[in-house]
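Single-letter residue listing:
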Amino acid sequence: DYNFCITNPDTRRIIAKECQNFLKTLPSDMTAVHAWADDLPSSGWCLCPSCRSYTPVDQNIMSLNLLCRAADAVDSDIRFSICAYHDTLYPSKQIPVDKRLFLVWAPRERCYAHAINDPACERNRIHWEALKQWNDVLDKSGNDGSHTFEYYCDQLLYCGMYPFMPETIAE
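All values derive from a computational prediction rather than experimental measurement.

Enquirer: Help me out: how do you make sense of unusual backbone geometry in this one?
Expert: Negative phi is the rule for most residues except glycine; trans is the rule for most peptide bonds. The phi dihedral of D75 falls on the positive side, at around 55°, and the residue is not glycine. Mapped onto the elements, D75 comes out in the loop between α2 (56-73) and β2 (79-84). Positive phi, normally seen in glycine, also occurs at H86, with a value near 25°. Inspection of the secondary structure puts H86 in the loop between β2 and β3 (101-105). We classify H86 as partly exposed; its relative accessible area is 22%.

Written out as structure tokens, the structure is:
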């Protein structure tokens, strides 16, 4: 239910070491790892004096950048995904994104009755703007390979009743 203190040197050392150990166990043809933090609607990130000035997305990017440095230390080309969700819906304004990170955009709280880019839908405008901002940040960093993680078959979201909306999905 909570994430670690990304500014603590001991925590950083432990996470880097465990990441390196994990990466050594992966098949050589594996290209990506999803190492998602707990992205909670009310944060879940550290609020110690060292972390307090960082937003949840800042701390998330810092942690993913740490994993990238750990991969570099063991000569791994593995990529890590950034899951844009809840408190990480918008990109960081102060922490640069490592070039090996790629976006997994997860707009769970979007409106599913309208296309994501429908200008008449106030809720989707928020998600559409967030996606455009992420794409700008990733383009400037030289990143590629963004993906969408949608919820059309989400048991919790639809309580087992799946709406038929092929036009909305296609749009």
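Let's pick the thread back up.
Enquirer: How do you make sense of the packing of helix α1 (residues 9-24) against α2 when you look at a structure like this?
Expert: Where α1 meets α2, the closest approach of the two axes is 9 Å, and the angle between their N-to-C directions is 50°. The angle between α1 and α2 falls in the class oblique. The handedness of the crossing between α1 and α2 is right-handed. When α1 is examined against α2, the residues R12, I15, A16, C19, Q20 and L23 are found in contact with a partner set consisting of M62, L66, L67, A70, A71 and A73. Of the residues contributing to the contact of α1 with α2, the split by class is 10 nonpolar, one polar and one charged.

How each quantity is defined
Residues numbered from 1 in each chain as written. Predicted model: local features only at pLDDT ≥ 70, side-chain atom pairs only at ≥ 80, totals over all residues. Heavy atoms only, no water. Helix = DSSP H or I, 4+ residues; strand = E, 2+ residues; numbered from the N terminus. Buried < 20%, exposed > 50% of the residue type's maximum accessible area, 1.4 Å probe, protein only. Axes fitted to C-alpha atoms, helices over the stretch in contact; angles between N-to-C directions. Parallel < 35°, antiparallel > 145°, perpendicular 65-115°, else oblique. Left-handed = near helix turned anticlockwise from the far one by under 90°. Contact = heavy atoms within 4.5 Å. Nonpolar A, V, L, I, M, F, W, Y, C, P; charged D, E, K, R; others polar.

Treat this as a map of the structure, not an account of what it does.
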